[in-house]
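Summary of the model geometry
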Amino acid sequence: MFQYANMLVESNTIAEINLSAFHHNVREVKTRLANAMMMAVVKTNAYGHGIVPIAQQAVKAGVDRLGVTSLEEGVILRQCGIPVPIHILPPITPSQAEDVVYYHLTATISSKAAAHAISEVAVQHGKVMAVHLKLNTGLQRFGVEPSDVLSFCRSCYQLEGLYWEGIYTHFSNADEGDWKTTNDQYDLFKDVVQILKANDFEFPIKHVGASTIALERKDLHLDMVRPGIALYGYHPDERQVNDIHLKRVMTLKTKVIHIRSLPPQSKVGYGGEYVTKKEERIGILPIGHGDGFKRLLSNNGFVLVEGKKSEIIGTISLDQTFVNLTDIPHVEEGAEAVIIGDQENQTITARDIATWINSNIDEVLASLMSRIKRVYVYREKG
Ligand SMILES: *Cc1c(COP(=O)(O)O)cnc(C)c1O
């Protein structure tokens, strides 16, 4: 796969990934877990941070396992020599069984067909594969229905070549602090686990929680917790900011590559969606929606230039963004523009961007395309 990001050239737009901040976050979250294991979720290219360096750092920081979003991500990590168990969080399809076994990945199972497929391949290769059963308790995305789970286990639990290591579910409303829904989902999970146990279907590793549960609900840590976003320095919800000190891992910055002065009433950009009110100085940044810098930020949001918030103006194009520099008269071409991060006393976070465009932090970070060069630093600060 061709990646601009690997080129050793002087890129104007870079995402600086602070691995020591990531390490800190893993350790901080880990101290909350008492005896529960930690699966660091590095799905979606580690929420846009780059899956391989992040996974390597996670292992160094002592995580027990990793969670990925696809067979491809699991294979990349195995090819890079990551030794810990790697869980593919969405259920696999039967056609993926061969690769799951070959690369020794831990599959999520929620269909009989997938259970049979892994069993068959495992037996062929003389292996026993650990698998985790996913239970749907209300997210309605993946998982065996509670009403079907006993019959599922009767037909699949004894399949040769499978070790039912775990059972899990995923909450739909935890980040919002909706504990009623979360507790109902958990009660359902607990009841199902109990019924299964009474029928001799045992699952040693039971897990239900992501970042929010790691931070707020010790009682739901069970045998393992699966934090994702918190490890990248973001509390899932602002109510948690005083509970734990997390450090932002990504700084996204670019440069003002061109500046022009325009008379009043000039229409700026495609469609002329911004019109200068007076004589104004306009800067152009080499980042656009082709980089994952969302078009919804058109005329909507800020970047930092010389420690000041400069408005994004006009329509964001594939590769460029306009900013208003009128109030920063001395700024010159080549000046740094911080999109996510600190500059002097100002900060813009992925949460701010998410708020402006009515999105969430995951989308803002994970949308950043691979053509933005990731630069990895290990630097203790903050
Ligand atoms: C994404 C995901 C997580 C991590 O969620 P965060 O809110 O980012 O901590 C955990 N478990 C599953 C199944 C997921 O899909």
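Quick note: structure is the one above.
Residues numbered from 1 in each chain as written. Predicted model: local features only at pLDDT ≥ 70, side-chain atom pairs only at ≥ 80, totals over all residues. Heavy atoms only, no water.

**Quick notes on the packing of aromatic side chains**
For any pair of aromatic rings, the description rests on two quantities: the centre-to-centre distance and the angle between the ring planes. With the rule as written, the count across this model stands at 10 aromatic pairs. Look at Trp164 and Phe203: their rings are 6.3 Å apart centre to centre, the planes differ by 80°, and that puts the pair in the edge-to-face class. Of this pair, Trp164 sits in strand β7 (residues 162–168) while Phe203 is found in the loop between α8 (179–198) and β8 (205–209), placing the two residues 39 residues apart along the sequence. For the residue pair Trp164 and Phe203, the accessibility class agrees, reading buried in each case. Cation over ring: Arg217 sits above Trp179, and NZ or CZ is 5.1 Å from the ring centre. (Phe/Tyr/Trp six-rings, centres within 6.5 Å; stacked < 30°, edge-to-face > 60°. Helix = DSSP H or I, 4+ residues; strand = E, 2+ residues; numbered from the N terminus. Buried < 20%, exposed > 50% of the residue type's maximum accessible area, 1.4 Å probe, protein only. Lys NZ or Arg CZ within 6 Å of the ring centre and 35° of its normal.)

**Remarks on the site of the ligand**
In the region of the ligand, the neighbouring residues are Val41, Lys43, Tyr47, Arg141, His170, Ala210, Ser211, Arg226, Pro227, Gly228 and Ile229. One nitrogen or oxygen atom from the side chain of Lys43 is found 2.8 Å from an oxygen atom belonging to the ligand. Note that an oxygen atom of the ligand is positioned 2.9 Å from one of the backbone N or O atoms of Ile229. Protein burial of the ligand: of its 390 Å² of free accessible surface, 92% is covered by the chains. Partitioning the shell around the ligand into residue classes produces 5 nonpolar, 3 polar and 3 charged. (Near = heavy atom within 4 Å. Polar contact = N/O pair within 3.5 Å; in protein donor to acceptor, adjacent residues only side chain to side chain. Areas by Shrake-Rupley, 256 points an atom, 1.4 Å probe, with all protein chains shown as cover. Nonpolar A, V, L, I, M, F, W, Y, C, P; charged D, E, K, R; others polar.)

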